[in-house]
Amino acid sequence: MVLRALLVVFGALWGAASDNYDLDKPYKALSYEAMLAGFEALEKKFPDLLQVEIAEEKYKTRGVKGFRDCGGGQECKTLIVRIGHKPSLTAFTPEVFLSGALHGNERLGPHTVAYLAEILCHKFGEDEHITWLMKNRVIWAMPMTNPYGFKHNVREEQCPQGGGGSHFGSCDMDPNRDFPYKQSGERCMRTITARAVNELYHDHLFQLAISFHGGVRSLSYEWGSYDHAVSCGPNCYKSKETPDQIAEVYIGEQIRDAAGKAFGRDWYPLGSMDELVYPVNGGMEDWSYAGSWEKAPETIGTCRPPTFGGKYAEYPASRTTYNQWEVRCLMYLAEMDNSKNPPESTYGNPRGIFSPSDKDGHISRNIRLTMKMIELLKPDVIFRAALPTSLHRDNGVEVQVKPAGCQKAEFLKLVALPGACATHREADFKTSSAIDLAALSEHDCFPYNSWEETANSAQSLVLQRSTLPPALATGEVCLAVLAQFDKHWGDQNHPDPLKRPQAHVTRARLDPEYRAENAGKIVQGRDVWVFPHSADEKTFGVDVRLLNPGEELVPSPAKEGGTSTSGGQAKDPVEIVDELRGPSATSGVTASAMLRVPLVTQAEGMGGSALLLVDGGSGLPVVGRGPRSGTSAVVVNVEARHNGDACYLSVKPANGSSNVPPGDYVIRVRDHTELHLSPSGEAPPTTSLIAGPAHKVAGVAEGSHGVLMEFSVEPTTGAPPGEELGHLKLPAATGYKLYGRTLTIERA
């Protein structure tokens, strides 16, 4: 009830913005209450993109509980925000952590996290790069990591004994000295802030992170502790080399460049924390990097905090005992400005994110910095044009690719395996059974974001071969691109300690035996990567039909944009999958067209794969891959009939197809933002479609989940070929466009 009331007062500031998101509206300073209300508004508006939890509720039984007054006797709320396209997330989706403010009087960080969440949600489905990022990564953020400090505009967390909380007093509660890195057991995990971060790490496998601060201007990486520092004079330190130095420096350079310049110079000086800031014991950054692999108990100790005990939840030492995977995350420290609380007039606006200049606002530049870091979480291959569905041997093959999320692609190779992709494991593509079709040697990876790549300067590489080799047999084959990335990240000089690279983000690119698992999350290392692959990394490659001489080539669907690693489109997900070139008002009773979209038959007993056809009886052949060996595919025809003032699309099993087994089914458009059937040349409709009797059709209404039609098959023998399963009734038009990604028929 409190948040709902706050929403009325503060919601207009941010989060609850209208559908007409204004890129030119200046960013405004937000209060603690506005932060809470705005994130609640975003979650309500974008439930598939953003989720909000409260650490004091989520981790109450783990000792994240204690009185900190955030006004009116209300206990402070530590927000945990997940940002990412929920339907796309799997155990393999790489994770990033954002800390808005360990020190509550350093104000820019929470605003950067809040406005980043806002633009990612509002521009999902509209900006191709943001859409790709939201579907292929997941962000976990604590916008106000220290909510007490943010509420009261003070550096530290409230002292539980009732003292003043002075940094120099007996109630020293600085959260950034409160982590178990070279810190005594009684002097770590004293704050609820540190405990909340600690518990979040127990539940995830973060690969990259950033901690926002203020009071100076610098961007720094590990090391930031005394045990890895070398004195160079009074108040002067240099950092020793970390085992992951090559990766740290490269990613640091990239995110520094993304932040832009001021007066011709980089906004952020870049270097180690020991050098640019100062070394500390108990810092979050070094703990985040080395908590799972540095020496214990000499470096990583267990905490026995005296605070928040008694009637509050105690925090046992076991909570600072880590498995070998939980805490291996490279964390950057962004000291955002010399002022801890610069004026609102310096914040900038959303348009500045996409148009960098010397006059950038603080929020704009740091959103770019953060998005660039998220981009570099995991190497990918973006397919810049639709992959073919069929090939002629004499016509060869051409595939446009864009390596992204990496520094270097050591090689790119187009290969083929005989048979359907579903019959092959990932390892098969790396054996002599795979037939090489084309290859490219080392090449720099490309940026994939909205300020470095524009529609007119989109770069890509071409893998091509003029004729296909005789060794590749006619029939179904599986096409894939192999790639190797950033092997030089394993190079070292004199790392301290003397260990090979340790961070997840590095080991994933170097070591095929590396497999980190924690709390249902997985980081899988690879030497050679296979693209495209499903988001759950269970299937690899794309099925292609190599035709016999004289067979008709089936055109690939006309696509806008490219394909990501999971097989989805990198561009706006609300796009034309294909056209239903149905009957016009004068075209007679029947007309025919073909929807060249793979029909994924996921129902039990409906094996194989086919193409969904629009076949009005004019003799169009059933074009597709047909049944696989040993299975019986279900090919579904859609008859387009015109009757007076309406067009009917009638769904039936094709002649010669297997019966559809009994059960409840849906025809669904996968991977959509909103679902539309729109007359050709017109904008998507704003009203739902009209359903035939007893059949539901979802239009643009929220919660439709992409369902185009529902139908039931009643008889025990199933629905035979020619029996209508369902139909849509559409106003007469010259044609309709289907907006979405992939059509599937599934059990309801």
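Criteria and thresholds
- Residues numbered from 1 in each chain as written.
- Predicted model: local features only at pLDDT ≥ 70, side-chain atom pairs only at ≥ 80, totals over all residues.
- Heavy atoms only, no water.
- Helix = DSSP H or I, 4+ residues; strand = E, 2+ residues; numbered from the N terminus.
- Buried < 20%, exposed > 50% of the residue type's maximum accessible area, 1.4 Å probe, protein only.
- Contact = heavy atoms within 4.5 Å.
- Areas by Shrake-Rupley, 256 points an atom, 1.4 Å probe, with all protein chains shown as cover.
- Pairing = 2+ DSSP bridges.
- Axes fitted to C-alpha atoms, helices over the stretch in contact; angles between N-to-C directions.
- Disulfide = S-S within 2.5 Å.
- Phe/Tyr/Trp six-rings, centres within 6.5 Å; stacked < 30°, edge-to-face > 60°.
- Lys NZ or Arg CZ within 6 Å of the ring centre and 35° of its normal.
- 1 Å grid on protein atoms, 1.4 Å probe; cavity = no way out; pocket = protein on both sides within 12 Å on 5 of 7 lines; lining within 4 Å.
- Points joined across faces, edges and corners; volume = space filled by probe spheres on them.
- Nonpolar A, V, L, I, M, F, W, Y, C, P; charged D, E, K, R; others polar.
- Salt bridge = Lys/Arg side-chain N within 4 Å of Asp/Glu carboxyl O.
- Core = buried A, V, L, I, M, F, W, Y, C linked by side-chain atoms within 4.5 Å.
- pLDDT = per-residue confidence, 0-100.
- Expected span 1.5 Å × (residues − 1).
- Parallel < 35°, antiparallel > 145°, perpendicular 65-115°, else oblique.
- Left-handed = near helix turned anticlockwise from the far one by under 90°.

A. Up close: the overall build of the protein. Within the protein, the regular secondary structure consists of 13 helices and 38 strands. When the 748 residues of the protein are sorted by exposure, 59% land in the buried category. Of the contacts formed within the protein by residues at least 6 apart in sequence, a portion of 76% connects residues at least 24 apart. For the protein, the accessible surface area stands at approximately 28500 Å², while carbon and sulfur atoms represent 50% of it.

B. Fine view of the sheet that holds strand β2 (residues 79-83). Ordered in space as β1-β2-β4-β3-β5-β12-β6-β11, the eight strands form an open sheet in which the pairing is mixed. The open sheet has two edge strands with one neighbour each: β1 (50-54) and β11 (270-272). Taking each pair of neighbouring strands and ignoring which way they run, the sheet shows an average axis angle of 25 degrees. Strands β1, β2, β3 (95-99), β4 (138-142), β5 (206-213) and β12 (330-337) of the sheet are contacted by helix α4 (residues 108-123), whose axis makes an angle of about 110 degrees with β12.

C. Molecular detail of the state of the cysteines. By the definition in use, this model includes five disulfides. Disulfide pairing places Cys70 opposite Cys76 at an S-S distance of 1.9 Å. When the S-S torsion is 100 degrees, as for the bridge of Cys70 with Cys76, the disulfide is right-handed. Each member of the pair, Cys70 as well as Cys76, is classed as buried. At a sulfur-sulfur separation of 1.8 Å, the disulfide partner of Cys232 is Cys236.

D. Looking closely at the packing of aromatic side chains. For the structure shown, the criterion picks out 17 aromatic pairs. Measuring from ring centre to ring centre gives 6.2 Å for Tyr250 and Trp489, while their planes differ by 50 degrees; the resulting arrangement is tilted. Of the two residues, Tyr250 is situated in helix α8 (residues 245-259) and Trp489 in the loop between β20 (475-485) and α13 (504-510); the sequence distance between them amounts to 239 residues. There is no split in this pair, since Tyr250 and Trp489 are both buried. Measuring from centroid to centroid gives 5.3 Å for Trp325 and Tyr514, while their planes differ by 90 degrees, and the two rings are edge-to-face. With Trp325 in the loop between α10 (284-290) and β12 and Tyr514 in the loop between α13 and β21 (515-518), this pair connects stretches of sequence that are 189 residues apart. Judged by its relative accessible area of 17%, Trp325 falls in the buried class. Looking at Tyr514, the relative accessible area reads 2%, which means it is buried. Taken together, the ring pairs connect Phe97, Phe179, Tyr201, Phe206, Trp287 and Tyr322 into an aromatic cluster. Just above the ring of Trp267 sits the side chain of Arg217; from NZ or CZ to the centre is 3.5 Å. For Arg526, the ring lying beneath its charged end belongs to Trp529, and the centroid distance is 5.4 Å.

E. Summary view of the pairing of strand β13 (residues 380-383). The alternating pattern of β13 places Asp380 and Ile382 on one face and Val381 and Phe383 on the opposite face, and all of these are buried. The sheet contact formed by β13 and strand β15 (residues 397-404) spans four bridges and is antiparallel. Each bridged residue has a counterpart across the sheet, and for Val381 the counterpart in β15 is Pro403.

F. Highlighting the pairing of strand β16 (residues 408-418). Inspection of the sheet shows β16 paired to strand β18 (residues 443-444) by two bridges, in the antiparallel sense. Bridge assignment links Ala409 to a residue of β18, and that residue is His443. Taken together, the nine bridges between β16 and β20 define a ladder with antiparallel strand orientation. Paired with Ala409 across the two strands is Phe485, which belongs to β20. Sheet analysis places β16 next to strand β17 (residues 435-440), joined by five bridges and oriented antiparallel. From the neighbouring strand, Ala416 faces β17, where its bridge partner is Ile435.

G. Layout of the layout of surface pockets. Considering only enclosed or pocket space, the second largest pocket measures out at about 290 Å³ in volume. Lining the second largest pocket are 22 residues, and of these Arg177, Val277, Tyr278, Leu333 and Glu335 lie nearest its centre. When contributions to the lining of the second largest pocket are tallied by element, the ones reaching two or more residues are α9 (273-276), α10 and β12. Taken together, the residues of the lining of the second largest pocket sort by class into seven nonpolar, eight polar and seven charged.

H. Spatial organisation of the environment of Met336. Counting through the fold element by element, Met336 comes out in strand β12. Assessed through its relative accessible area of 0%, Met336 is described here as buried. Other than its neighbours up to four places away in sequence, Met336 contacts Leu108, Gly109, Thr112, Phe212, His213, Gly214, Val216, Arg217, Trp267, Tyr268, His362 and Asn366.

I. Structural view of the pattern of salt bridges. Counted by the stated rule, this structure contains 37 salt bridges. Of the charged contacts, one joins Lys151 and Glu33 as a salt bridge, the two residues approaching to 2.5 Å between their closest N and O atoms. Remark: Glu33 occurs in helix α2 (residues 32-45) and Lys151 occurs in helix α6 (residues 147-152); sequence separation between them is 118 residues. The partner of Asp511 in a salt bridge is Arg507, with the nearest N and O atoms 3.3 Å apart. On the accessibility criterion, Arg507 (7% relative accessible area) is buried. Each member of the salt-bridge network shares a partner with another, and the members are Glu106, Arg155, Asp174, Arg177 and Lys340.

J. Region of the structure containing the sheet that holds β13. An order of β13-β15-β19 is seen for the three strands of this open sheet, with the pairing classed as antiparallel. Unpaired on one side and paired on the other, β13 and β19 (461-465) mark the two borders of the sheet. Between one strand axis and the next, the sheet turns through 35 degrees on average, direction left out of account.

K. Expanded view of the nonpolar core. In terms of nonpolar packing, the biggest core is built from 114 residues, with Phe39 and Tyr201 touching the most fellow members. With nine residues, α4 is the single largest residue contributor to this core. Setting aside residues up to four positions removed in sequence, Phe39 forms contacts with Trp14, Leu50, Val52, Leu79, Val81, Val113, Ala114, Ala117 and Pro143. Listed in part, the 30 residues of the second largest apolar core include Leu412, Leu461, Ala483 and Phe531.

L. Representation of the confidence of the model for the protein in the model. Overall, the prediction assigns the protein a mean pLDDT of 78, with 68% of residues at 70 or greater. Scored below 50 in pLDDT, residues 554-636 shows 265 contacts in the model against residues more than four places distant or in partner chains.

M. Representation of α4 in the model. Look at α4: 22 Å from first C-alpha to last across 16 residues, which is about the 22 Å you get at 1.5 Å a residue. The buried fraction of α4 is high, at 16 of 16 residues. Among the residues trailing α4, Gly125 stands out with phi positive, at a value near 85 degrees.

N. Seen up close, the packing of α2 against α4. Between α2 and α4, the least distance of the axes is 11 Å, while the angle of their chain directions is 15 degrees. If you check the angle between α2 and α4, you find them roughly parallel. Crossing of α2 against α4: the hand is left-handed. Here Met35, Phe39, Leu42 and Lys45 of α2 lie close against α4, whose contacting residues are Pro110, His111, Val113, Ala114, Ala117, Glu118, Cys121 and His122.

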